[in-house]
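Residue-level structure breakdown
This is what each chain is made of:
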Amino acid sequence: MKKIRGGDVRAAGVPDGPAMGVALSCIPRAVKALGRDAALERLADVAAAPDAHGDDEYFAPVAQRLVADAREAARRFVEREAPAPLANYCEDAEAGALDQMRNSLRLPSALRGALMPDAHRGYGLPIGGVLETEGTVIPYAVGVDIACRMKLSVLDVEPEALDSGAALEQALLTQTQFGTGAKLRKRADHDAMHDERWRLTPLATRLRDKAADQLGTSGSGNHFVEFGLLTLPEADLGLPAGRYVALLSHSGSRGAGAQIASHYSKLARELHPELPKELSYLSWLDLDHDSGREYLQLMRLMGEYASACHAVIHERVTGHLKAEVLAGVENHHNFAWTAERDGREVVVHRKGATPAAAGELGVIPGSMAAPGFVVRGKGAPDSIESASHGAGRRMSRTAATQQFNWQMVRPLLRERGVKVLSAGIDENPFAYKDIEAVMAAQTDLVDVIARFDPRIVRMADAGERPED
DNA sequence: ATGTCC
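Residues numbered from 1 in each chain as written. Chains lettered and ligands numbered in written order. Predicted model: local features only at pLDDT ≥ 70, side-chain atom pairs only at ≥ 80, totals over all residues. Heavy atoms only, no water.

Details of the protein's contact with DNA strand B
The criterion, for reference: We call a residue near a given molecule or strand whenever any one of its heavy atoms falls within 4 Å of it. Counted as a polar contact is a pair of N or O atoms within 3.5 Å, where, for protein atoms, one must be capable of donating a hydrogen and the other of accepting one, and residues adjacent in sequence contribute only when both atoms are in side chains. In this description a helix means any DSSP run of H or I spanning at least four residues, a strand means any run of E spanning at least two, and both kinds are numbered starting from the N terminus. Under the scheme applied here, ten amino acids are nonpolar (Ala, Val, Leu, Ile, Met, Phe, Trp, Tyr, Cys and Pro), four are charged (Asp, Glu, Lys and Arg), and all others, including Gly, are polar.
Surrounding DNA strand B, one finds 15 residues, the nearest of these being Val144, Thr180, Ser220, Asn222 and Arg254. If you look at DNA strand B and keep only atoms within 4 Å of the protein, 82% of those are sugar or phosphate atoms. At 2.7 Å from a phosphate oxygen of DNA strand B is found a side-chain nitrogen or oxygen belonging to serine 220. Here a phosphate oxygen of DNA strand B and a side-chain polar atom of arginine 397 are 3.3 Å apart. Element by element, the count of residues in the surface near DNA strand B is highest for helix 9 (residues 254-271), at 3 residues. Considered class by class, the residues forming the surface near DNA strand B number 2 nonpolar, 9 polar and 4 charged.

Next up, the structure:
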C-alpha cells in the first residue's frame, strides 16, 4: 500500500499549516480501519465541511483544528477588492462622516451600509450610519450610549395646560434628574433590574448597583424630557385626530451602558492590532467567540435598562400630574439587531438611526425649538429599513458653545413659545440642521403621522441660565 | 454619551 504523504493530505483539501500535522497524525488509525482510499475520501469530506464533522470518529481533531483556524483567519483584517455597497441619503454629508461610512464598508464582514440624512462625524461609524455585517458585532457601530432611545406618551391632559405651564413645569422639576452622576433620591425599581444577565460577567455584576441608583434618570448633552403639543391630523395610534399634550424623553443606558461600551470597544481594539489606524475604532467582536456573544447579551440588557429608565421617568411625571397615558411610541436608535438570514447570522447596527421596517413606529425629534415627528416606517430595503434619528448637528458642541449665548437664542424660543428649564448652550436650536429638510430627504423611508412641538423642555443644567 | 483614564 502506497504510504500517505503530505501531498495526498493537501489534495484532500487540508491546507498547509497546523491542520496538516493533525491530519497526518490521525491517518494511521483511519487507514487501519477504513483502508487507504476510503480514509482519504473521508478526510476530504471532513476538510470540505469541518463544521459538520466536529465529532468524526477518525478526523474530529482535523475538523476542530480547521474550524479554529478559520475563525482565527476571519479575525484578521484583509483588505477586500471592493467595498460593500452604500446607499447614501445624506446629500450634504460632511467629508468626515462619509469617510467613516466608507471605511466601515471595507471591513471583511460588511455586507452593506446606509447613511441617514442627519449624518455627522462620530467615532468609528458616523452618527446616522447603518451597517450590516455577517458574524461580527462592532461596539463603536452601536455607540457609546448603548440603547439610547426615544419614548413618547400621549396624555389625557388638555392642551391649554401647556399655556400657563406651571403644573407641567413642576412635574419636570420635581420628577426628573439630569446629569452625569444623577440618581434618584429614592431608588426606583423595575423588572429590568432583576434580569439574570446582570450576573453574566464580573463587569455587569459590578455595574448593577450603579445602574439601580441611576434608574429613572436622564444623562447630559442631548438628553431631554419635555412636554409639547402633539398634532395628529388623522386618526392613528389608536387615537382620534386632534391636538394632544405629550411627554417626550430622550435618554440611554447611563453610566452602566457607557462602561460596557468602553470595555468591549477597548477589547475589540486589542483583538485587532492589525487594523489600519483609520479602521481601529471599527474593531469588531466575532459572534462565535465569547467576547461577541457577551457584548450582544449585555447590549440587549442595556436595551432593557434604557427602556426601564424611560418607563420610570414617564411613570413619575405622569403620576405627579395624575394623568392617564392614552398611547405611546418608543424606539432605540443606538443598537444592533441580529437576524438569521439564509443560515447566516446577520447584524444590523444602527448608530443614531431609527428602525423603520414597514409599519414600525418611531419618534424623530428636531430640537428644543423645532418640531419632532412620529413616523411609521416604509421598510425601504436600500436604507436597511432605517431613517434619521433627529435633525443632526449642524456644528460641533465646541463650535456651538463658542458661537452662541442664550441672549442670542431667547428671541427664537419666545417666538416658538418654548420654555427651557435648563440646557447647555451647545444644544441650542441653531446648532442643529433644519429638521424639515431632513424629513424631506427621507420621504421614501418613513411616513409622518404626527407632529410634536416642544413647549416645556428640561435638559442637563450646564450652568448658564436659558431664561433671564 | 461617560463619576469624561481602573
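Alright, that's what it looks like, and here's the rest.
So, the pattern of salt bridges
Test applied: What makes a salt bridge here is a side-chain nitrogen of Lys or Arg within 4 Å of a carboxyl oxygen of Asp or Glu, nothing more. For the exposure calls, accessible area comes from a 1.4 Å probe over protein chains only, and a residue counts as buried if that area is under 20% of its type's maximum, exposed if over 50%, partly exposed in between.
Taken as a whole and assessed by the stated rule, the structure comprises 27 salt bridges. Of the charged contacts in the structure, one is a salt bridge between arginine 42 and aspartate 56, with a shortest N-O distance of 3.0 Å. Here the residue arginine 42 occupies a position in helix 3 (residues 36-48), and aspartate 56 occupies one in the loop between helix 3 and helix 4 (60-75), the gap between them amounting to 14 residues. Here glutamate 270 and lysine 266 are joined by a salt bridge, their closest N and O atoms 3.2 Å apart. Within this pair, glutamate 270 and its partner lysine 266 are both found in helix 9, separated by 4 residues, close to a single helical turn. We classify lysine 266 as exposed; its relative accessible area is 52%. Through salt bridges that share partners, Lys183, Arg187, Asp209 and Asp213 make up one connected network.

What to know about the sheet that holds strand 2 (residues 110-120)
To keep it simple, the criterion reads: Should DSSP find at least two bridges between two strands, the strands are taken to pair. Lines fitted to C-alpha atoms define the axes here, with helix axes fitted over just the stretch in contact, and angles between the N-to-C directions of these axes take values from 0 to 180 degrees.
Strands sit in the order 1-2-3-11-10 across an open sheet of 5 strands; the sheet is mixed. Edge positions in the sheet fall to strand 1 (86-88) and strand 10 (334-341), since each has one partner strand and no second. This sheet shows a mean twist of 15 degrees between the axes of neighbouring strands, independent of strand direction. Here strand 3 (residues 127-134) pairs with strand 11 (residues 344-351) via 6 bridges, running antiparallel. Counterpart to glycine 129 in the pairing with strand 11 is lysine 351.

Comments concerning the pairing of strand 14 (residues 372-377)
In terms of burial, strand 14 is a largely internal element, 5 of the 6 residues being buried. With 4 bridges connecting them, strand 13 (residues 361-364) and strand 14 associate as antiparallel partners. Residue pairing for strand 14: leucine 361 is matched across the bridge by arginine 376. Pairing of strand 14 with strand 17 (residues 446-459) involves 6 bridges; the strand directions are antiparallel. From the neighbouring strand, phenylalanine 373 faces strand 17, where its bridge partner is arginine 451.

Nothing here speaks to function; it is geometry throughout.
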